Amino acid sequence: MTTILRDVERKPRLKPWLASLKLLEKMRNAAAVLLPPLITIGFLLLLWQLLCGHEGASLPPPSRVLKDTWGLIRDPFFDNGGTDVGLFWQILASLKRVGIGFSLAAVSGIALGVLIGQSTFAYRGLDPLFQVLRTVPPLAWLPISLAAFKDSGPSAIFVIFITAIWPIILNTAVGVRQIPEDYRNIARVLRLNGFEYFFKIVLPASVPYMFTGLRIGVGLSWLAIVAAEMLVGGVGIGFFIWDGWNSSLLSEIILALIYVGIIGFLLDRVIGFVGRLIAGRPI
Amino acid sequence: MQGYLTIEQVGKSFDTATGPFTALSNVSLAIQKGEFVSIIGHSGCGKSTLLNIVAGLSGPSTGAVLLDGQVVDEPGPDRAVVFQNHSLLPWLTAYANVRLAVDKVFGKTKSATERDAWTRHNLALVQMSHALDKKPDELSGGMRQRVGIARALAMQPKILLLDEPFGALDALTRAHLQDSVMDIHRETKSTAIMITHDVDEAVLLSDRIVMMTNGPSATIGEICEVRLDRPRRRLEVSDTAEYARCRKQVLRFLYERHAHNKAA
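Before going into details, it helps to say that this report is about the structure given with it. (Residues numbered from 1 in each chain as written. Chains lettered and ligands numbered in written order. Predicted model: local features only at pLDDT ≥ 70, side-chain atom pairs only at ≥ 80, totals over all residues. Heavy atoms only, no water.)

1. A few points about the overall build of chain A
Within chain A one finds ten helices and zero strands. Shown N-terminal to C-terminal, the secondary structure of chain A runs as helices and strands in the order α-α-α-α-α-α-α-α-α-α. Radius of gyration (C-alpha) of chain A: 27 Å, far over the 19 Å computed for a compact globule of 283 residues. Each principal axis of the C-alpha distribution contributes one length, and for chain A these read about 85 × 70 × 35 Å. By residue count, 38% of the 283 residues in chain A fall in the buried class. Taking contacts inside chain A between residues at least 6 apart in sequence as the whole, the part at least 24 apart equals 67%. Taking the average location of the 25 positive side-chain charges in chain A and that of its 17 negative ones, the two points are 13 Å from each other. (Helix = DSSP H or I, 4+ residues; strand = E, 2+ residues; numbered from the N terminus. Rg over C-alpha atoms; globule rule 2.2 N^0.38 Å. Buried < 20%, exposed > 50% of the residue type's maximum accessible area, 1.4 Å probe, protein only. Contact = heavy atoms within 4.5 Å. Lys, Arg positive; Asp, Glu negative; His and termini not counted. Charge placed at Lys NZ, Arg CZ, Asp CG, Glu CD.)

As structure tokens, this is what we get:
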């Protein structure tokens, strides 16, 4: 009787103590992950401040950048008409171009990839062409597309398209070609028809490869959009940087670079996440 | 000689860089309904080639295979294969892997509810009811092989073809699965051919053990009838004279008369 009573009494006292211990451990784990990057970033900022903090330095130090661009950081949504709009709108305009160009590249890239992965004839016919074309730098396509479309909007989108499509085609083709013999045998034993074979075996088996291609593709298109927008102008993060250079607003350029980096990172993660969701396994 | 499955004068040669290579020649065998037959031989003796021909995955160069009076000339669900490396589709759960086969084979003859029940029934037969929603990556080697067997059984094949089904498993898991296969064989009265290179496995499971000579031009060397009553219990059976006789006959064949190339 007494022991039971003592247990009942002891338990509530024990629990918060255990809980706080667990919380402490969680905080320690979080610190172990977060501290190293914070330390390196802090160190680099300090180094930058020391190198550029003096009078007459060619680049502004971080403190200057923050002071100069505080207005842009605080209000990314202003719209004074023309190209004088907040960073949110600049980035949105660039993302729209990438979104359209990349989606077109994804659809046609996967279709072409499946084609050259499945058919040896198509592979022999198209692969040499793709191998040569994929080495052409994105911006080299711009004059041709400007001449063809006679408009800067579609030209920028075309540059994104042509940049992103090669890794998508090639990775999808590899994905289709590597389907293990066993899966084909299963399909044959079950007598799956062409349609079922494609949707039940080929597509799911090559999804991880497709998404590797899509991830590389989206990274490349984000690289290309900045360069393309510098040349074609209009609202967009690329032209914003070029405009900053022309107006000697170095702080704004540095802020834009940071934003470009973060968005690029997020795009990569989003594609990776969607890939995992669709494949139903880590890719 | 006629059987439920008849392999008639089957030969197989491949074209290689150094000229044609004859893997199998003159293989004839008749298997009765409900019989469990093992094919044993050294690696490279063409056992898998023979199984692939019965499955219809590759065609014979000479001769023919007849199943239930019909010539085998393409793969089909009436000859379900349990592959050595399970070959489950990794993006599907255990249930979905079996269901894919069930839907394909019984899509027109069974309702969705019946197909669901049949899928579950077959997974229960291999004792995998607890892991219906697990993906192959989350299962152990033995469990994957169980699901592979369930998928093959679910097709309700005329003959079950097992291609070294326990080859990649550890000894304990292997013994468990052998017991399961014996139970299933007794319950479903299925006809089965199993490729193996394990003598004890062959004796324990089979009604007949077919011994293959070494390639090239491998053929059937000897056939050993295992006259042991079923159900067989591994511990009781292994002490009997019949077990010892069969074991000795197969070992003699493999290691005295057809010892593998000295180089190997």
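From this point, the discussion proceeds with the structure in view.
2. Details of a nonpolar patch on the surface
Residues and elements named next belong to chain A. Residues Val-33, Leu-34, Leu-35, Leu-38 and Ile-39 make up a contiguous nonpolar surface patch of about 520 Å² in total accessible area. With respect to the helices and strands, Leu-35 occurs in helix H1 (residues 2-52). Judged by relative accessible area, Leu-35 falls into the partly exposed class, the value being 45%. (Patch = residues over 30% accessible without salt bridge, like charges linked within 9 Å, V, L, I, M, F, W, Y side chains within 5 Å. Areas by Shrake-Rupley, 256 points an atom, 1.4 Å probe, with all protein chains shown as cover. Salt bridge = Lys/Arg side-chain N within 4 Å of Asp/Glu carboxyl O.)

3. A look at the side chain of A:Asp182
By secondary structure assignment, the location of A:Asp182 is in helix H7 (residues 181-189). Despite being buried, A:Asp182 has no salt bridge partner; B:Arg151 is the closest side chain of opposite charge, sitting 8.3 Å away. Polar side-chain contacts of A:Asp182 include one of 2.7 Å to the side chain of B:Asn85. The contact partners of A:Asp182, leaving out residues within four places of it in the chain, are B:Phe83, B:Asn85 and B:Ser87. (Polar contact = N/O pair within 3.5 Å; in protein donor to acceptor, adjacent residues only side chain to side chain.)

4. Regarding the interface of chain A and chain B
Contact residues are listed per partner, giving 17 residues for chain A and 23 residues for chain B. Looking only at chain A, the three residues that lose the most surface to chain B are A:Val189, A:Leu190 and A:Arg191, adding up to 34% of its buried area. Scanning the region where chain A abuts chain B turns up two salt bridges. Close ionic contact of A:Arg191 with B:Glu74 constitutes a salt bridge, the shortest N to O distance being 3.5 Å. Where chain A meets chain B, there are four residue pairs in polar contact (both at pLDDT 80 or more). Secondary structure elements with two or more residues in the side of chain A that touches chain B: H7 and helix H8 (194-232) of chain A. Here the element with the most residues in the side of chain A that touches chain B is H7(A); it accounts for six residues. Class assignment for the residues of the side of chain A that touches chain B results in nine nonpolar, two polar and six charged. (Buried area = accessible area lost by both parts, 1.4 Å probe. Nonpolar A, V, L, I, M, F, W, Y, C, P; charged D, E, K, R; others polar.)

5. Comments concerning the sheet that holds strand E1 (residues 5-16) of chain B
Residue and element names in this part refer to chain B. In spatial order, the strands read E2-E1-E4-E5; together these four strands make up an open sheet with antiparallel pairing. Both edges of this open sheet fall to strand E2 (19-31) and strand E5 (70-71), since each of them pairs with a single strand only. Sheet analysis places E1 next to E2, joined by nine bridges and oriented antiparallel. Its bridge partner being in E2, Ser-13 is matched across the sheet by Thr-22. Together, E1, E2 and strand E4 (62-67) form the strand contacts of helix H1 (residues 47-55), whose direction differs from that of E1 by roughly 115 degrees. (Pairing = 2+ DSSP bridges. Axes fitted to C-alpha atoms, helices over the stretch in contact; angles between N-to-C directions.)

6. Details of the nonpolar core
B:Leu5, B:Ile193 and B:Ile209 are the most contacted members of the largest nonpolar core, which has 98 residues in total. Considering each element in turn, this core owes the most residues, seven residues, to helix H2 (residues 94-106) of chain B. Ignoring any residue separated from it by four or fewer positions in sequence, one finds B:Ile209 in contact with B:Ser38, B:Ile40, B:Ala202, B:Val203, B:Glu222, B:Ile223, B:Cys224, B:Val226 and B:Val250. Grouped together as the second largest cluster of nonpolar side chains are 44 residues, A:Trp141, A:Trp222, A:Val232 and A:Leu267 included. (Core = buried A, V, L, I, M, F, W, Y, C linked by side-chain atoms within 4.5 Å.)

7. Focus: the environment of B:Asp103
Residues and elements named next belong to chain B. Mapped onto the fold, Asp-103 is located in helix H2. On the basis of relative accessible area, Asp-103 is assigned to the partly exposed category, the value being 27%. Each C-alpha atom of the pair Asp-103 and Ala-154 lies 10.0 Å from the other, and the pair is 51 residues apart in sequence.

8. Regarding the side chain of B:Gln178
Residue and element names in this part refer to chain B. Along the chain, Gln-178 falls in helix H5 (residues 171-188). Judged by its relative accessible area of 4%, Gln-178 falls in the buried class. Beyond its immediate chain neighbours, meaning those up to four positions away, Gln-178 contacts Phe-166, Glu-201, Leu-204, Leu-205 and Arg-234.

9. Points about the packing of helix H3 (residues 87-118) of chain A against helix H9 (residues 237-246) of chain A
All names here are of chain A. Contact pair H3 / H9: the axes reach a minimum separation of 7 Å and the direction vectors enclose 125 degrees. Taken together, the axis directions place H3 and H9 in an arrangement best described as oblique. On the side of H3, the interface is formed by Leu-87, Gln-90, Ile-91 and Ser-94, while H9 contributes Ile-237, Gly-238 and Phe-240. (Parallel < 35°, antiparallel > 145°, perpendicular 65-115°, else oblique.)

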